[in-house]
Each structure stands twice: as structure tokens, then as C-alpha cells.
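Listed below are the residues making up each chain.
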Protein chains: 2
Amino acid sequence: MKKKLINQTNKLDKNSVIPVYYQLAKLLERDILQGNYKPGEVLPAENEFASRYGISRMTVRRAISELVMAGMIYTEKGKGTFVAKPKLDDVEFELNDFQREIPRKGMKTGIKLLEARIVRADDELSQKLEVPKNTKCIHFRLIVTANDEPLVYENKYIIFTKQNPILEQELKDPSLSNLAKLHADRLPTTSKRVLHAAIVTDEEAAVLKVRPNTPVFLVKQTIYDNNKKPIGWGTSVYRGDRYKLTSYTGWGLD
Amino acid sequence: MKKKLINQTNKLDKNSVIPVYYQLAKLLERDILQGNYKPGEVLPAENEFASRYGISRMTVRRAISELVMAGMIYTEKGKGTFVAKPKLDDVEFELNDFQREIPRKGMKTGIKLLEARIVRADDELSQKLEVPKNTKCIHFRLIVTANDEPLVYENKYIIFTKQNPILEQELKDPSLSNLAKLHADRLPTTSKRVLHAAIVTDEEAAVLKVRPNTPVFLVKQTIYDNNKKPIGWGTSVYRGDRYKLTSYTGWGLD
DNA sequence: TCATCCGACCTGTCTATACATCTATACTTG
DNA sequence: CAAGTATAGATGTATAGACAGGTCGGATGA
């Protein structure tokens, strides 16, 4: 017997390869999107679903938990399960990973290492890395290109601990997390980034080959170990005419 | 008997008010952060945990599912459960909601409605809203202030369907989603935003009272109904010297 | 030697049940 | 009438067990 892949009815197929909890979750999602259940309304009780579809309550709970995770419904102990209001004002912008995105468009990406040497921490750097002034650090200066056109200009600093040589290998993945992995003796586990709107400095304009006053995204990143102590710090300057950040919010985004 | 709130040992307290699955999840999280289990390593099997702690396998699974959701571990059917590598390069920037943030800092926020009237869609607008040219829309033009200083300049357009009067009430929440709710007959369920780096135009500089060439965040937003048809469209210009976006990635962020 | 099969072990799904805990309502009691 | 009390009904936690299906290595057989 051929097994259905999509369920457009209100019935569950216990013999399908698709788990029952998933079928029910999709069924509820469809009903909510179609407006059969409206925001704020209470859904039938778990036991009601269980007996209606002839399945166990735990299976119903699994389906409901899927939609709770998706932000579509919420539960209140002792009261019931309710349709949520779409959270249209919570904004999380996604910065597309250029290293993965650009090759997909048929462009060839490159990394040009301008400088990689050991420096002593100045005031700003020692504060960012929470180390004494003059602590040894490795300083990387590089640009990321697509079709030989500069896109990003980066300055990165790692606290110098290992005696590892500075390898060509860095060029494959010059992300702060990878540099930290290669050159620090602590495992990087968390990372903080702050994104600013800015205008290119003269130095950046020269490196990126853009006109003065070009708008850019300026990202300042710190990378930490599992004790929240900094391992590395860096800045990235993204050409504003080549990058944008996108955000999708609400229901039905799969 | 007094009940423990925090478990620093390797034992689970079945009589605690804190659910067993949660205790186990936190215990595993601690072990992973401390490096007792390292990225890529396999964890003990579910049945092993179950018999080790004298609890049911389903309870172990619930604990594991918490950490899977947190991105700390992942499972492979037939093989086992593994410690994930921290995903330090997935970047999602959070745009702080100024309407909620600024009052917290003791500043008073305000909204100044510059204009609210019915217009006819021009080429750009008709394309953004997927309606014929000259379709009636409501155009809002407003600024958001903190301590009477302009912070954001917004232009918003809603497809005109309801005959609702344009009320003072809009001023309480002039978000695109709220305007759509008040003035459109379809329920807004999803929203797309694109953030650009830009420099103020002369008009924006005048409204925001900033110097020419000030960097800004330019956000273009479209709001859709449950059939992914546009309801409204708008642009927001955030002063670059007052706004920044932050992102935290990796483990142990709770 | 090499390929196949089988069994041990793992996670994934589902069930039926029990009890805890919270909410709202109806009822009892002073 | 007011305050406290039972009760029904909802979700939350936990159990023990069954079976499905993927993985891997070792035993078996050609």
C-alpha cells in the first residue's frame, strides 16, 4: 500500500512513515494559519484531542510542544492551551555568512592576509582582552574578496599563548573562532558581536577601494572561553553597498 | 525537610520541587561546560543514564531534548548522543526595542506624528505592496524621540481598506504591525525586514537634526497576512550614533 | 579472503497510567 | 453576605514497557 506524504484531511494515518505527533502538529498549524483558531483563543484540551484522534495524550503533548517551540501557541498550567499572537516586533537580523553565500552565486571568494605578527597590547586592546598592558598578542589584518573585489576588512587579535607558527592554513578560515582555536590554549565557547553603522575611515576606504563617506557595517567581536574570559577581539568592516541583513518574524516560516 | 534549590553534586533529588529532567539537564550542561565531555565526544546512552540515576528513560530523553534545543548536543539515530561544537559563526543580531529599552534608562520617549493621510500608490509602493498603481493607501510619517531628541524617522504605508478614522491612538504604538491591525481587514502574521547601512539624506538629516553624512541604519519592512500577501510597507531610519545591534552566540548563554 | 547475515546496542515513536499542581467554579459554613 | 472549602478539569511530571529502525562489529559460510 502506498503511503501518503501529505495530509490534507483532518485524519491521522497511524501507518504512515510520518510520525503521528508531526502529522497532528501540521494539522493544528494549518488550522491556526487558516484562522480556524484565532489568536488568544483556547484550543481543545489534550485529552479531547487524544480521544478525538484515538491516540495517547503523550503523543498529543509532543505535537503541542512542537508548536510551542515554534512560538505559535502557549500553555498555561491549569487553564489550557492558547493560540499566541504573532510576535512581529521581536527582531533578530541574520547576517548572511558571506563565505558560504557568495560561492553559491557563482563568485569566487578569496582571503588576502595583509599582516600577521606578534604585537603588544595597547590600552584599548588590553581592556578588551582583560589582560595587562603589553601582553603579547597576535595581530591579523586581512581582507575578504569576491571576484577579486574587496568586501570586508578585518583586524583580529588573539592572546598569544601557544607557540604555533602562523600558517597558511589560517587563510582557509580566518574567523576569530578558528584563529582562537589554532592559537589559544583555551576552548572558545561563546562570542559577542556588536554591530554599528559607520562611515569608512580613510585607511578602510583605501583597503576596500571605495569612495570616502561610503556607509559600512562595523562589527566588533569578542570571543570567550567557557569561563567567560576573553580569548580574542576583532573588528570587521563590511561594505554597506554589498551587505544587508534580513529578518523574518512571525508565523508560518518553517 | 528543607529542599535544595541548587544541585552542585552528581545526584538528583527526586523530592525536589525542581523537575528531575531539569536537574539532569543542568548537570549535563555543567559537565559539558567544564569539559568533562568534549565537543564531538559521545555521551553515555540513555539507558545508561536511566539506570545510573534510577530514573525512567523518558525522563532522560526530556533532559537531553532540552540540551538539544539549546544547541549544546545532538543525537544520531542508532549511534548515540554527542557533544556539539559551539556554533560561533551563526550570527543573529538583536535590534533592541527602543520603546521598551529607553524608558528603562530613565528617559522619556515620545512619538511625533508629522503626517497621516491617504495617498495613491506610486510605482515603487504598488510594487512593494503588490497592488495596482494608484491604489489608496494610508501614509504615516513620524519620528520617535527620547528626551525630545529625535532618534528614528519612519515612513509607513498601509493598504487602505477599513474606513477607520486616523486616531490619536496610533501614537501609542505606531509599529507597522499595529497600524496594520488597526487599518487593514487582514490579520498580519509575518514580517520581513532588511537592514542596510546608509547615510542620511538631506530630508532625514533635517528631521533627525543631525549633520549631513551621519551614518544610519535603514530598515525596510514589509508586513504580510497569513497568505503571504503584503498589508503594509515602511522604512525606518535609525540614528547610527544612538543605535547598535548585539549578538551572543555559543554555549552557556541561558 | 571476502561478502553476507545476525545480533547487540542505540535513538525514535507511541502507549497507558499515575499522580502533582494549578485554575476556576460551585458549594458550604459561619 | 463573606470567607473558606470542596471539586472538576486542565496542564506538568514521571514511569515502565513495547516496538521500529538505524549502526556497527563479529560470526558464519562460500
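Since we're looking at a predicted model, the values are computed, not measured. (Residues numbered from 1 in each chain as written. Chains lettered and ligands numbered in written order. Predicted model: local features only at pLDDT ≥ 70, side-chain atom pairs only at ≥ 80, totals over all residues.)

### Here's the deal with the overall build of chain A
So, point 1. Across its full length, chain A carries 7 helices and 10 strands.
So, point 2. The C-alpha atoms of chain A give 26 Å as radius of gyration, which overshoots the globular expectation for 254 residues (18 Å, by more than 25%).
So, point 3. Once the C-alpha set of chain A is aligned to its principal axes, its extents read approximately 70 × 40 × 40 Å.
So, point 4. In chain A, which comprises 254 residues, the proportion classed as buried is 30%.
So, point 5. When contacts within chain A are restricted to residue pairs at least 6 apart in sequence, those whose partners lie at least 24 apart make up 57%. (Helix = DSSP H or I, 4+ residues; strand = E, 2+ residues; numbered from the N terminus. Rg over C-alpha atoms; globule rule 2.2 N^0.38 Å. Buried ≥ 20, exposed ≤ 12 C-beta atoms within 10 Å, placed from the backbone. Contact = placed C-beta atoms within 7 Å.)

### A few points about the relation of the copies chain A and chain B
So, point 1. In the superposition of chain A on chain B (RMSD 0.1 Å, axial shift 0.0 Å), the rotation amounts to 180 degrees. In the structure described here, the two chain copies are related by an operation that fits a two-fold rotation axis. Residue Phe93 of chain A of chain A places its C-alpha closer to the rotation axis than any other residue of that unit, at 2.4 Å.
So, point 2. Of the residues that chain A buries at the interface, 100% are likewise interface residues in chain B, meaning the two copies contact each other through the same surface. (Least-squares fit on C-alpha atoms with pLDDT ≥ 70 in both.)

### Examining the packing of helix α2 (residues 46-53) of chain A against helix α3 (residues 57-69) of chain A
Residues and elements named next belong to chain A.
So, point 1. One way to put it is that α2 packs onto α3 with a least axis distance of 8 Å and a crossing angle of 115 degrees. In terms of orientation, α2 lies roughly perpendicular with respect to α3. Judged by the sense of rotation from one axis to the other, the crossing of α2 with α3 is right-handed. Each of Glu46, Asn47, Phe49 and Ala50 in α2 lies in contact with α3, whose residues at this interface are Arg57, Val60, Arg61 and Ile64.
So, point 2. Among the residues making up the contact of α2 with α3, the classes are represented as 4 nonpolar, 1 polar and 3 charged. (Axes fitted to C-alpha atoms, helices over the stretch in contact; angles between N-to-C directions. Parallel < 35°, antiparallel > 145°, perpendicular 65-115°, else oblique. Left-handed = near helix turned anticlockwise from the far one by under 90°. Nonpolar A, V, L, I, M, F, W, Y, C, P; charged D, E, K, R; others polar.)

### Focus: the protein's contact with DNA strand D
So, point 1. Surveying the vicinity of DNA strand D reveals 19 residues, the closest of which are Ala45 of chain A together with Val20, Ser56, Thr59 and Gly78 of chain B.
So, point 2. Counting residues per element, the ones that place at least two in the surface near DNA strand D are α2 and β2 (80-83) of chain A together with α1 (20-33) and α3 (57-69) of chain B.
So, point 3. Residues belonging to the surface near DNA strand D are distributed by class as follows: 7 nonpolar, 8 polar and 4 charged. (Near = placed C-beta within 6 Å.)

### Overview of the domain arrangement of chain A
So, point 1. Domain parsing of chain A yields domain 1 (20-83) and domain 2 (98-239).
So, point 2. A straight line from the C-alpha centre of domain 1 of chain A to that of domain 2 of chain A covers 46 Å. (Domains from an automatic or database assignment.)

### Notes on the interface of chain A and chain B
So, point 1. The partner chain B presents 42 residues to the 42 residues of chain A that form the contact.
So, point 2. Elements represented by at least two residues in the side of chain A that touches chain B include exactly β3 (92-94), β7 (188-199), β8 (215-225) and β10 (245-250) of chain A.
So, point 3. For the side of chain A that touches chain B, the element with the most residues is β7 of chain A, which contributes 12 residues.
So, point 4. For the side of chain A that touches chain B, a count of residues per class yields 20 nonpolar, 15 polar and 7 charged.

### A short note on α3 of chain A
Residues and elements named next belong to chain A.
So, point 1. The terminal C-alpha atoms of α3 lie 18 Å apart, and with 13 residues this matches the ideal 18 Å at 1.5 Å per residue to within 8%.
So, point 2. Restricting attention to buried positions, one finds in α3 the residues Val60, Ala63, Ile64 and Leu67. The arc that holds every buried residue of α3, seen down its axis, measures 95 degrees, which confines them to one face. Opposite the buried face of α3, by more than 90 degrees, sit the exposed residues Met58 and Met69.
So, point 3. Buried positions along α3 lie against α1 (20-33), α2, β1 (73-76) and β2.
So, point 4. Gly71 sits one or two positions beyond α3 and adopts a positive phi of about 80 degrees. (Expected span 1.5 Å × (residues − 1). Arc of directions from axis to C-beta.)

### Some details on the protein's contact with DNA strand C
So, point 1. Not every one of the 20 residues close to DNA strand C is listed here, only the nearest: Val20, Ser56, Met58, Thr59 and Gly78 of chain A.
So, point 2. Where the surface near DNA strand C is concerned, the elements lending two or more residues are α1 and α3 of chain A together with α2 (46-53) and β2 (80-83) of chain B.
So, point 3. With 3 residues, α3 of chain A is the largest single contributor of residues to the surface near DNA strand C.

### Focus on the environment of His183 of chain A
Residues and elements named next belong to chain A.
So, point 1. Summarising the element assignment, His183 is placed in helix α6 (residues 176-183).
So, point 2. Taking the C-beta count within 10 Å as the criterion, His183 has 23 such neighbours and is therefore assigned buried.
So, point 3. When sequence neighbours within four positions are dropped, the list of residues in contact with His183 reads Ile138, Ile158, Lys162 and Asn164.

### So, the pairing of strand β9 (residues 230-239) of chain A
All names here are of chain A.
So, point 1. Of all the 10 residues making up β9, 9 are buried; the element is thus mostly covered by neighbouring parts of the structure.
So, point 2. One ladder, built from 7 bridges, connects strand β6 (residues 149-159) with β9; its direction is antiparallel. Counted as the bridge partner of Ile158 is Gly232 from β9.
So, point 3. Summarising the sheet, β8 and β9 pair through 9 bridges and their orientation is antiparallel. Across the sheet, Leu218 pairs through a bridge with Val237, a residue of β9.
So, point 4. Counting the residues that bridge the hairpin from β8 to β9 gives 4 residues, and of these Lys228 lies at a positive phi of roughly 60 degrees. (Pairing = 2+ DSSP bridges.)

### Quick notes on the nonpolar core
So, point 1. By size, the foremost hydrophobic cluster in this structure holds 36 residues, and its most contacted members are Phe93 and Val216 of chain A together with Phe93, Val216 and Val237 of chain B.
So, point 2. Once residues lying within four places of it in the same chain are set aside, the contact partners of Phe93 of chain A are Leu245, Thr246 and Ser247 of chain A together with Glu92, Phe93, Leu95, Leu195 and Leu245 of chain B. (Core = buried A, V, L, I, M, F, W, Y, C linked by C-beta atoms within 7 Å.)

### Section: the confidence of the model for chain A
So, point 1. For chain A, per-residue confidence averages 90 on the pLDDT scale, and residues scoring 70 or more make up 91% of the total.
So, point 2. Below a pLDDT of 50 lies the segment residues 1-7 of chain A, which in the model reaches 8 contacts outside its immediate sequence neighbourhood of four places, other chains included. (pLDDT = per-residue confidence, 0-100.)

### Observations concerning the environment of Gly78 of chain B
So, point 1. Its place among the elements puts Gly78 of chain B in the loop between β1 (73-76) and β2.
So, point 2. Between the C-alpha atom of Gly78 of chain B and that of Asp202 of chain B, which follows or precedes it by 124 residues, the distance is 63 Å.

### Thoughts on unusual backbone geometry
So, point 1. For Asn213 of chain A, which is not glycine, the phi dihedral falls at a positive 70 degrees.
So, point 2. Secondary-structure assignment places Asn213 of chain A in the loop between α7 (202-208) and β8.
So, point 3. For Asn213 of chain A, a count of 12 C-beta atoms within 10 Å gives the class exposed.
So, point 4. Despite not being glycine, Asp148 of chain B has its phi angle at roughly 65 degrees, a positive value.
So, point 5. Assignment of secondary structure puts Asp148 of chain B in the loop between β5 (136-146) and β6 (149-159).
So, point 6. Owing to 10 C-beta atoms within 10 Å, Asp148 of chain B belongs among the exposed residues under this scheme.

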